[in-house]
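Architecture and fold: a report
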Amino acid sequence: MADLNIDIAGLKLKNPVLTASGTFGYGTEFEDFYDINTLGAFVVKGTTLHARQGNSYPRMAETPSGMLNAVGLQNGGIRYFVDHIYPKLLRFDTNILVNVSGSTVEEYIACAEQIDDLEHITGIELNISCPNVKEGGMAFGTSCPAAEAVVKSVRKVYRKHMMVKLSPNVTDITEIARVVENQGADSISLINTLLAMAIHAESRKPVLSTVTGGLSGPAVKPIALRMVWQVYNSVKIPIVGMGGIMNATDAIEFFLAGASAIQVGTANFIDPLATQHIISGIDDYLERHKFHSINEIIGELQL
Amino acid sequence: MADLNIDIAGLKLKNPVLTASGTFGYGTEFEDFYDINTLGAFVVKGTTLHARQGNSYPRMAETPSGMLNAVGLQNGGIRYFVDHIYPKLLRFDTNILVNVSGSTVEEYIACAEQIDDLEHITGIELNISCPNVKEGGMAFGTSCPAAEAVVKSVRKVYRKHMMVKLSPNVTDITEIARVVENQGADSISLINTLLAMAIHAESRKPVLSTVTGGLSGPAVKPIALRMVWQVYNSVKIPIVGMGGIMNATDAIEFFLAGASAIQVGTANFIDPLATQHIISGIDDYLERHKFHSINEIIGELQL
Amino acid sequence: MKKTVQNLQVISHRRLNSDHVVLELKSDEKLDGILPGQFANILVDGSQKVFLRRPFSIYLVDYNCNTISVLIKAIGDGTRILSDQSIGNQLSVIFPLGNGFILPATPTKVLLVGGGVGIAALMILAKMLKENGHQVVILLGAKRIVDLVELEEFAKYGTVYTTTEDGTHGTKGYVTDHSLFREECSSFGKIYTCGPEPMMKAVARLALIHHVNCEVSLENTMACGYGVCLCCITETIDGHRCVCTDGPVFDIKRLKWQI
Amino acid sequence: MKKTVQNLQVISHRRLNSDHVVLELKSDEKLDGILPGQFANILVDGSQKVFLRRPFSIYLVDYNCNTISVLIKAIGDGTRILSDQSIGNQLSVIFPLGNGFILPATPTKVLLVGGGVGIAALMILAKMLKENGHQVVILLGAKRIVDLVELEEFAKYGTVYTTTEDGTHGTKGYVTDHSLFREECSSFGKIYTCGPEPMMKAVARLALIHHVNCEVSLENTMACGYGVCLCCITETIDGHRCVCTDGPVFDIKRLKWQI
Ligand SMILES: Cc1cc2nc3c(=O)[nH]c(=O)nc-3n(C[C@H](O)[C@H](O)[C@H](O)COP(=O)(O)OP(=O)(O)OC[C@H]3O[C@@H](n4cnc5c(N)ncnc54)[C@H](O)[C@@H]3O)c2cc1C
Ligand SMILES: Cc1cc2nc3c(=O)[nH]c(=O)nc-3n(C[C@H](O)[C@H](O)[C@H](O)COP(=O)(O)OP(=O)(O)OC[C@H]3O[C@@H](n4cnc5c(N)ncnc54)[C@H](O)[C@@H]3O)c2cc1C
Ligand SMILES: Cc1cc2nc3c(=O)[nH]c(=O)nc-3n(C[C@H](O)[C@H](O)[C@H](O)COP(=O)(O)O)c2cc1C
Ligand SMILES: Cc1cc2nc3c(=O)[nH]c(=O)nc-3n(C[C@H](O)[C@H](O)[C@H](O)COP(=O)(O)O)c2cc1C
Ligand code: FES
Ligand code: FES
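Residues numbered from 1 in each chain as written. Chains lettered and ligands numbered in written order. Predicted model: local features only at pLDDT ≥ 70, side-chain atom pairs only at ≥ 80, totals over all residues. Heavy atoms only, no water.

1. Details of the nonpolar core
Counting 316 residues, the largest nonpolar core has Phe81(A), Ile282(A), Phe81(B) and Ile282(B) as its most contacted members. With residues near it in sequence (within four places) discarded, Phe81(B) still touches Tyr26(B), Val44(B), Thr47(B), Tyr86(B), Pro87(B), Leu89(B), Val98(B), Leu118(B) and Ile121(B). (Core = buried A, V, L, I, M, F, W, Y, C linked by side-chain atoms within 4.5 Å. Buried < 20%, exposed > 50% of the residue type's maximum accessible area, 1.4 Å probe, protein only. Contact = heavy atoms within 4.5 Å.)

2. Focus on the domain arrangement of chain C
All names here are of chain C. In terms of domain boundaries, chain C breaks down into domain 1 (4-97) and domain 2 (109-254). Taken together, the contacts link 21 residues of domain 1 with 20 residues of domain 2. Buried area between domain 1 and domain 2, both sides added, is near 1900 Å², and the carbon and sulfur share of it is 67%. Summed over the three residues of domain 1 that lose the most area to domain 2, namely Pro36, Tyr59 and Leu60, the buried surface amounts to 29% of that side. The tally of links between domain 1 and domain 2 comes to one salt bridge. A salt bridge links Arg14 to Glu150; the shortest N-O distance between them is 2.9 Å. (Domains from an automatic or database assignment. Buried area = accessible area lost by both parts, 1.4 Å probe. Salt bridge = Lys/Arg side-chain N within 4 Å of Asp/Glu carboxyl O.)

3. Notes on the sheet that holds strand β15 (residues 239-241) of chain B
All names here are of chain B. Around the barrel, which closes on itself, the eight strands sit in the order β3-β4-β7-β8-β9-β10-β15-β16 with parallel pairing between neighbours. Strand after strand, the sheet turns through a mean of 25° between neighbouring axes, direction not considered. Sheet analysis places strand β8 (residues 123-127) next to strand β9 (residues 161-165), joined by five bridges and oriented parallel. Across the sheet, residue Asn127 finds its bridge partner in β9, namely Lys165. (Pairing = 2+ DSSP bridges. Helix = DSSP H or I, 4+ residues; strand = E, 2+ residues; numbered from the N terminus. Axes fitted to C-alpha atoms, helices over the stretch in contact; angles between N-to-C directions.)

4. As for the packing of helix α7 (residues 248-257) of chain A against helix α9 (residues 274-288) of chain A
Residue and element names in this part refer to chain A. Running from N to C, α7 and α9 point in directions that differ by 65°, and their axes come no closer than 8 Å. Every pair of crossing elements has a handedness; the one defined by α7 and α9 is right-handed. Contacts between α7 and α9 pair Ala248, Ala251, Ile252, Phe255 and Leu256 from the former with His277, Ile278, Gly281, Ile282 and Tyr285 from the latter. Grouping the constituent residues of the contact of α7 with α9 by class yields eight nonpolar, two polar and no charged. (Left-handed = near helix turned anticlockwise from the far one by under 90°. Nonpolar A, V, L, I, M, F, W, Y, C, P; charged D, E, K, R; others polar.)

5. So, the packing of aromatic side chains
Applying the stated criterion across every chain, the model contains 20 aromatic pairs over all chains. Between Phe30(A) and Phe33(A), the ring centres sit 6.1 Å apart and the planes meet at 65°, which makes this aromatic pair edge-to-face. Taking relative accessible area as the criterion, Phe30(A) reaches 0% and is therefore assigned buried. Among the aromatic residues, those joined into a ring-pair cluster are Phe24(A), Phe30(A), Phe33(A), Tyr34(A), Phe42(A), Phe92(A) and Tyr226(C). (Phe/Tyr/Trp six-rings, centres within 6.5 Å; stacked < 30°, edge-to-face > 60°.)

6. Considering the interface of chain C and chain A
With 26 residues of chain C in contact, the opposing surface of chain A contributes 34 residues. The interface formed by chain C and chain A includes two salt bridges. Here Asp32(A) and Lys3(C) are joined by a salt bridge, their closest N and O atoms 3.9 Å apart. Across the contact surface, chain C and chain A share twelve residue pairs in polar contact (both at pLDDT 80 or more). Of all elements in the fold, only β1 (4-17) and β15 (239-242) of chain C reach the threshold of two or more residues within the side of chain C that touches chain A. (Polar contact = N/O pair within 3.5 Å; in protein donor to acceptor, adjacent residues only side chain to side chain.)

7. Side note on the relation of the copies chain A and chain B
With an RMSD of 0.0 Å, the operation that places chain A on chain B is a rotation of 180° combined with a shift of 0.0 Å along the axis. On this basis, the relationship between the two copies can be described by a two-fold rotation axis. A high fraction, 100%, of the interface residues of chain A reappear at the interface in chain B, so the copies pair face to face through one surface. (Least-squares fit on C-alpha atoms with pLDDT ≥ 70 in both.)

8. Considering the site of ligand 1
Taken together, 19 residues surround ligand 1, and among them Pro55(C), Leu71(C), Lys73(C), Gly78(C) and Thr79(C) come closest. More than one chain reaches ligand 1: its neighbouring residues belong to chains A and C. His200(A) has a polar side-chain atom sitting 3.4 Å from an oxygen atom of ligand 1. Contact distances for ligand 1 include 2.8 Å between an oxygen atom and a side-chain N or O atom of Arg54(C). When the free accessible area of ligand 1 is taken as 910 Å², the share hidden by the protein chains comes to 73%. Only β4 (54-57), β6 (67-73) and α1 (77-83) of chain C provide two or more residues apiece to the shell around ligand 1. It is β4(C) that provides the largest number of residues to the shell around ligand 1, a total of four residues. Looking at the shell around ligand 1, its residues break down into nine nonpolar, six polar and four charged. Counting residues domain by domain, the shell around ligand 1 receives three or more from each of domain 1 (4-97) and domain 2 (109-254) of chain C. (Near = heavy atom within 4 Å. Areas by Shrake-Rupley, 256 points an atom, 1.4 Å probe, with all protein chains shown as cover.)

9. Examining the pairing of strand β7 (residues 95-100) of chain B
Residue and element names in this part refer to chain B. With six of six residues buried, β7 is to be regarded as a mostly interior element. Relative to β7, strand β4 (residues 41-47) runs parallel, the two being bridged by five bridges. Considered in β7, the bridge of Thr47 is made with Val100. As paired strands, β7 and β8 are joined by four bridges and run parallel to one another. Residue Val98 lies in a different strand from β8, and its bridge partner there is Ile124. A crossover links β7 with its parallel partner β8, the connecting element being helix α2 (residues 105-116), and its sense is right-handed. (Right-handed = clockwise from strand over helix to strand, strands pointing away.)

10. Observations regarding the site of ligand 3
Close to ligand 3 lie 22 residues, the nearest being Ser21(A), Lys165(A), Gly217(A), Gly244(A) and Thr266(A). Nearby residues place ligand 3 at the junction of chains A and C. Here an oxygen atom of ligand 3 and a side-chain polar atom of Lys165(A) are 2.8 Å apart. Contact distances for ligand 3 include 2.8 Å between an oxygen atom and a backbone N or O atom of Gly217(A). Its free accessible area being 610 Å², ligand 3 has 96% of it covered by the protein chains. Here the shell around ligand 3 is composed, by residue class, of six nonpolar, 15 polar and one charged.

11. Focus: the interface of chain A and chain B
With 44 residues of chain A at the interface, the matching set in chain B holds 44 residues. Together chain A and chain B conceal approximately 3700 Å² of surface at their shared face, both sides included; 68% is due to carbon and sulfur atoms. The largest contributions to the chain A side of the interface with chain B come from Met197(A), Ile199(A) and Arg204(A), which together make up 19% of the buried area. Connecting chain A to chain B are two salt bridges. Measuring nitrogen to oxygen at the nearest pair gives 2.7 Å for the salt bridge that ties Arg288(B) to Glu202(A).

12. A few points about helix α7 (residues 248-257) of chain B
For α7(B), the buried fraction is high: nine of the ten residues fall into the buried class. Taken together, the buried positions of α7(B) are occupied by Ala248(B), Asp250(B), Ala251(B), Ile252(B), Glu253(B), Phe254(B), Phe255(B), Leu256(B) and Ala257(B). For α7(B), the secondary structure elements touched by its buried residues are β12 (199-200) of chain A together with α6 (221-232), β15, β16 (261-264) and α9 (274-288) of chain B. Where α7(B) begins, one side-chain oxygen reaches toward the backbone nitrogen of Thr249(B), 3.2 Å away; that side chain belongs to Asn247(B). A positive backbone phi angle near 130° is found at Gly258(B), which sits one or two residues after α7(B).

Shown next, in the form of structure tokens:
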């Protein structure tokens, strides 16, 4: 058994496998399948200051080796989370991060402030990259000044681990990554979904009620890997990589590109046990290649 | 038989099916398979002022529902093209476009000037989006001032149809599209490949000699469709859509999103007869839905 | 039963007609307590065109053999590949999912209305209703006679009536054109329906008019099938609700249908 | 023969050992003039993991039955799926591709050196050399005895020698350790080789030393297989050249190998 422990800027994880926001509910949905305390951490669903209904149906389209979603951050709002969800999370013995979104900087701040008070929440993942909401969302992650404003403001009120999740829908992801680092992010996670579209040729209609949605799954893996590698070469804070990770081999590719940990998203839908296979597969890989610790392969791409 | 004729800003095509640069050689390679005069047009391989060796091996990686390439514009240079390739193209009775790339604006100009003299070449496709060359290439397509400079300059020396091919590696593709339109492009083609990366976990090496390469194939179709639709809603000049088109249904989706014609790229590798099936499939679709002409479905997405 | 992911083995493959098959899938583990109306989410492994799992109602359960059956109508790539599975193949299945129909507390005369492949959700329901002493009437509608399948199987659990749009079997017309609705609708203590949405809405309208309780089983495009992706919503009086966890069975009074 | 895309039917499937099979594929059309060393690019239809075609040397051709055979070693998803094809299945095949070996103009004693699945390119070559009156010596190398396949088939066309790394068959060691190279290398008018690159380089070095003409058949990752993608280059004295059209067979003097 290799050493899978990893320290992400003070966030100590028993292994580098997390689940991605919006693909893991509040964790409780997986309890029938496995003990979710085996995860390095899990990230709960996108949470906003006010309750959100999300977008209308249909919200999903299958695409080649991937899918589009246009959920639009359906959630009960931070008060509902604190009152009704948080108490249920107290029984878990692993790191829990809350994914936070907002339409304005003030909303981000108000939401983060309330999470700061929750002892059992190890950190937040600041989502400045949701492509499925009309206001805010991705806009914060595709412009340097906007990213700067939101990260800086939240940093002032949130004292624990602040991971910032970047949008891949940009010309130069390293630019945004550096801004985020400079404003005090503890770590960076990427990628969120790519803005995309599906059309039903027979009915001549868009498949999604919102016309465009976010692309995820193996189709985006090569883009995600490239971005992780670029960001790894541009910032010093740790990176949490994701985008199309289906198995341990995919995960290893992200570590080599520079990710200190990874998140599993869409793969949860295909195989609810995906994270469990990935954790043991990483261990196998390390043993087979005679590495003692996961730390020995992070960023170790041989050029 | 529906009417497949289409007029792209004066470029008259017998049908809206073209082949994409870099995936169709100089056309001659397909003569064993079918009569390439059946195509609306074909776009020959990326041509530069000076001969280019291209990148080292390996240049290709297979990815989920797609592939990466890092060819790097291997070609004999424009003089070689004029002297040795052009004479062989004289026998074809369909539109031929030359895809032009450069490291500097001057190179683009010099190359375009020489093509302007070739009677049998109907137009150029200005490639401001190649991700696989060190200098120039994609840089011209990811910044508005750079795109403006190259399109404006080439417009001065090139009098026939000037199609400009956009890069998808940008935050806002409509911004670049408008610049290109304002500088006198006759049409816009998109998308070129997405900058991406593949890693071989066992050897811990990048799969490509250049580390990153360009992603194409069905994996990118949802992104390409979204960009075509965005550009369609932003400019008045015609759009030639591409990115992962494998069959007639895919092609129809691009027409509905706003493309007046489409290009078939990676699909040629999987099925050399892909264009032939697509042309007849488009006709079938139009007949089945009782349309008389391809013009009736362009941009006709029902919102 | 808790939801699980299991590799189930295809142990029988029964073709009903050109596009319908019933697959029987065997588990290595003891099955317990699957509710009528629950579904299974099946992986179409290795196909280029099918990325996500495909949901199917649990058609029948055999607790002695530890098998579940699904009735599949081939309409696209996923269902076609599943229809062509050979005996012995393993399929990765997440089950049981969803909430299930609610059976009446006391012996009741109930009506089951099925259309198209929606009948798949009703077989196990009919069986359990009968086993629980209810009086079961089954009305199945289809376009043409060839689309009516498993009538004999249904007949084991209740009286079966049919309608076809072209009149080739039973009453000519839609299910709602059947005399059952005109003549004895109010005599039913509950109506259960599953099929195309327009059909279910028409049935729901009649149920409302005649003040009969009615549950419908909805379809929806699903990514996960167990409540985490939030892709499969339907509008209810409580807002957006997931069809895969809050449903697929809904009391029509909870739905915001324009009927 | 002009290159074509055809659906060929699997008409025989011969398993040689746990990971090698020979598939015989039948065309509806008359085949003509396939050169030894040419290859076929085969579509692995419908698999999620395999997007591009996979290239295979043409192992044998039967002009009477209009079939080509390929020898496949299962090393990954594509080759595994192809190895499992049943008789009757259709495969989309682009063939014949590439340039092919050049046969000596006059009767000559030639040496064929094959390693691993590289032997696939040599069978049809051995056959045609023999049919054209050349004297054929065949040297096949492998790790262990189990990896040596089709020795009897090769024996039809020439004298067969073997080497294995563990000494379980023939000479112990690499092909270049065989006495043929020490004792009679210069007696060959030409050497043809196909196999792992280190092996081919070692053979090429000896050929150069002994001033024997030598052709090698290269492998490469290919997207198209017919010269349009420019992905499959190798360094030659004329610059980058495509293995799929300028090759797969190269005279070693054209290659920029460090040997
Ligand atoms: C809870 C539930 C239970 C179900 N039970 C059964 C069952 O018992 N037996 C059965 O045969 N089917 C059942 N279905 C439907 C089945 O899941 C779909 O037929 C299947 O997902 C289609 O997959 P495909 O790959 O064959 O078709 P695709 O290639 O995905 O689609 C083919 C065409 O059908 C349309 N389509 C796809 N899915 C649906 C859908 N759910 N509703 C309407 N149109 C759709 C697509 O837009 C497309 O035009 C059920 C669905 C749900 C949600
Ligand atoms: C001209 C030519 C002729 C060939 N003839 C034959 C033949 O007659 N019989 C035969 O069995 N094979 C032959 N091959 C090799 C065959 O094409 C590959 O084994 C096949 O493409 C692998 O596909 P896969 O999906 O099974 O493996 P993949 O999943 O693609 O790869 C599995 C592993 O093998 C590596 N790999 C893949 N392709 C190659 C390659 N070409 N060289 C080295 N490593 C590779 C990958 O990096 C990976 O690690 C030939 C190749 C060429 C170019
Ligand atoms: C259905 C769905 C819902 C998602 N919701 C959120 C969300 O609420 N917040 C967020 O930051 N990312 C969200 N994402 C993005 C994922 O967390 C992840 O960044 C993306 O899917 C890429 O990873 P994958 O390819 O492994 O899924 C969602 C993704 C999907 C598929
Ligand atoms: C091997 C290869 C080489 C390419 N070379 C060029 C090129 O020289 N010039 C260019 O503008 N685009 C080039 N492209 C991009 C294609 O023309 C096209 O824009 C892209 O592949 C997306 O379409 P597809 O998914 O249908 O392949 C190349 C693509 C591939 C796969
Ligand atoms: S399908 Fe994912 S929540 Fe219902
Ligand atoms: S494989 Fe495309 S040029 Fe050789």
